[in-house]
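Read off the chains here:
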Amino acid sequence: MHSLGILLSGRGSNFVAIADSVDAGRIPGARISVVISNKADAPGIATARQRGLHALVIPSKGKAREEHDREVVTALKHHKVDLVCLAGYMRLLSPWFVQQFPQRILNIHPSLLPAFPGLEAQEQAFAYGVKVSGCTVHFVDEELDHGAIIVQKAVPVLDSDDEHTLAARILEQEHVAYTDAINVVLARGFTVIGRRLVTAR
Ligand code: GAR
C-alpha cells in the first residue's frame, strides 16, 4: 500500500480531489496517511479532520526553513509516507527536505510551466494576455516551481474571462491532473532523461 502525505496551507481543494480519488479507487493501492498544514487556520486541515484523516498543524511562523522542514519530515516519516503531495503548500522546501524523498515529492502549479512561476500564476497569465494557460504537476527540486514535469493540462483563455473565471477553469483541470500524476509516479513505469519524464510503454 502506498502511503501519501499531503502538505497544504489553505483552501485544500486539491487535497479534497486527491482524497476523493483515493476513496473512489482512482488511485489504486494508495491511502492518505497524514495531512499537514503550516497554518492553523487553513480550511483544508479542518476538512481533513472532518474526513477522519490524521491532520497535523506544524506552524512555520518564526522558524528557520530547515528547522520547520525537519519537523514536517519527522511527521511524514512517522506516518511512513512514501509520496509527498504539495497541494497549495505555499512554502519553498529546503534542499535537505527535497533530499529526504528523491523523486517522491510532487507539486501542482496553476500555469503551464515554465511560464508564470511563483505567486498568483493565473493572474500573471491573464495580465500577460496568453490565449492558453493551464496547470502543471511536477517533481519538486531545490528551485521554485522547477522540477521535471509529470502532467500538464491546457486550458483556453476566453475573451469573456476575468482572472477569477480563468482560475476556476484551471482549478477544475488541476483536480484531474493531480490524480493522473500520482498514478504515473506510483506506477513507476517512467524514466527521467534530463528534464524529460518519459513513460515506458
Ligand atoms: C492551487 O491553484 C495550486 O495550484 C496553487 O495554489 C492553489 C491551492 O488551492 N499552488 C501554487 O500556486 C504553488 N506555486 P487549493 O488549496 O484549493 O488546492
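### Overview of the side chain of H68
Looking at the secondary structure, you find H68 in helix α3 (residues 65-78). Looking at H68, its side chain comes within polar contact range of the main-chain oxygen of I58, at 2.7 Å. Once residues within four sequence positions are removed from consideration, H68 is found in contact with N38, I58, P59, S60, K63, Y89 and R91.

### Focus on the environment of H164
Relative to the helices and strands, H164 resides in helix α6 (residues 163-187). Put simply, H164 and E123 are 41 residues apart on the chain and 8.2 Å apart in space, counted from C-alpha to C-alpha.

### A few points about the packing of aromatic side chains
A full pass over the atoms with the stated rule returns three aromatic pairs. Ring centres of F97 and F101 lie 6.2 Å apart, and the angle between their planes is 50°; on these two criteria the pair is classed as tilted. Residue class for F97 comes out buried when judged on its relative accessible area of 0%. Assessed through its relative accessible area of 6%, F101 is described here as buried. A cation over a ring is seen here: R70 above W96, with NZ or CZ 4.1 Å from the ring centre.

### Things to note about the site of the ligand
Inspection of the region around the ligand gives R11, G12, S13, N14, G88, M90, I108, H109, P110, Q122, D145 and E174 as its neighbouring residues. Here an oxygen atom of the ligand and a backbone polar atom of G12 are 2.7 Å apart. In this structure, an oxygen atom belonging to the ligand sits 2.6 Å away from a side-chain N or O atom of S13. Protein chains shield 90% of the accessible area of the ligand, which is 450 Å² for the free molecule.

### As for the environment of A75
Position of A75 among the secondary structure elements: in helix α3. A residue is classified by how much of its surface remains accessible, and A75, at 9% relative accessible area, is buried. When the C-alpha atoms of A75 and G5 are compared, they prove to be 9.4 Å apart, with 70 residues separating the residues in sequence. Setting aside anything within four residues of it in sequence, one finds A75 in contact with I36, L56 and I58.

### Focus on the nonpolar core
Nonpolar side chains in soluble globular proteins generally cluster together in the buried interior. With 42 residues, the main nonpolar core has I6, I18, I32, L106 and I182 as its most contacted residues. Top contributing element to this core by residue count: α6, with eight residues.

### A short note on the pairing of strand β5 (residues 105-109)
Of all five residues in β5, five are buried; the element is thus mostly enclosed. Judged by which residues are buried, β5 turns out to be covered on both faces: I105, N107 and H109 on one side and L106 and I108 on the other are all buried. Considered for its hand, the β-α-β crossover made up of strand β4 (residues 83-86), helix α4 (residues 95-100) and β5 is right-handed. Pairing of β5 with strand β6 (residues 132-139), which is carried by four bridges, proceeds in the antiparallel orientation. Bridge pairing in β6 links N107 to H138.

Reading the values: rules and limits
As a convention, each chain's residues are numbered from 1 in the sequence order in which they are written. In keeping with the predicted nature of the model, local features appear solely for residues at pLDDT of at least 70, side-chain atom pairs appear and are counted solely at 80 or more, and the whole-chain, interface and lining totals rest on all residues. By convention in this description, side-chain values take in all heavy atoms of the structure and omit both hydrogens and water. Numbering of helices and strands starts at the N terminus; helices are DSSP runs of H or I of at least 4 residues and strands are runs of E of at least 2. Here a polar contact means two N or O atoms within 3.5 Å. Within protein one must be a hydrogen donor candidate and the other an acceptor candidate, and residues neighboring in sequence count only if both atoms are side-chain atoms. Pairs of residues are marked as contacts when any of their non-hydrogen atoms sit within 4.5 Å. When two rings of Phe, Tyr or Trp (its six-membered ring) have centres within 6.5 Å they constitute a pair, described as stacked for plane angles under 30 degrees, edge-to-face for angles over 60, and tilted for the intermediate range. Throughout, exposure labels follow a simple rule: accessible area from a 1.4 Å probe, protein chains only, divided by the maximum for the residue type, with under 20% read as buried, over 50% as exposed, and the rest as partly exposed. For a lysine, the NZ atom is tested; for an arginine, the CZ atom; a charge sits over a ring if that atom is within 6 Å of the ring centre and within 35 degrees of the ring normal. For this purpose, a residue is taken to be near a molecule or strand whenever a single non-hydrogen atom of the residue falls within 4 Å of it. Working definition of accessibility: Shrake-Rupley area with a 1.4 Å probe, residue cover restricted to the visible protein chains. We define the nonpolar core as a collection of buried residues of types Ala, Val, Leu, Ile, Met, Phe, Trp, Tyr and Cys that are connected through side-chain atoms lying within 4.5 Å of one another. Think of it like this: strands point away, you trace from the first strand over the helix to the second, and a clockwise trace means the crossover is right-handed. Two strands qualify as a pair provided that DSSP identifies no fewer than 2 bridges between them.

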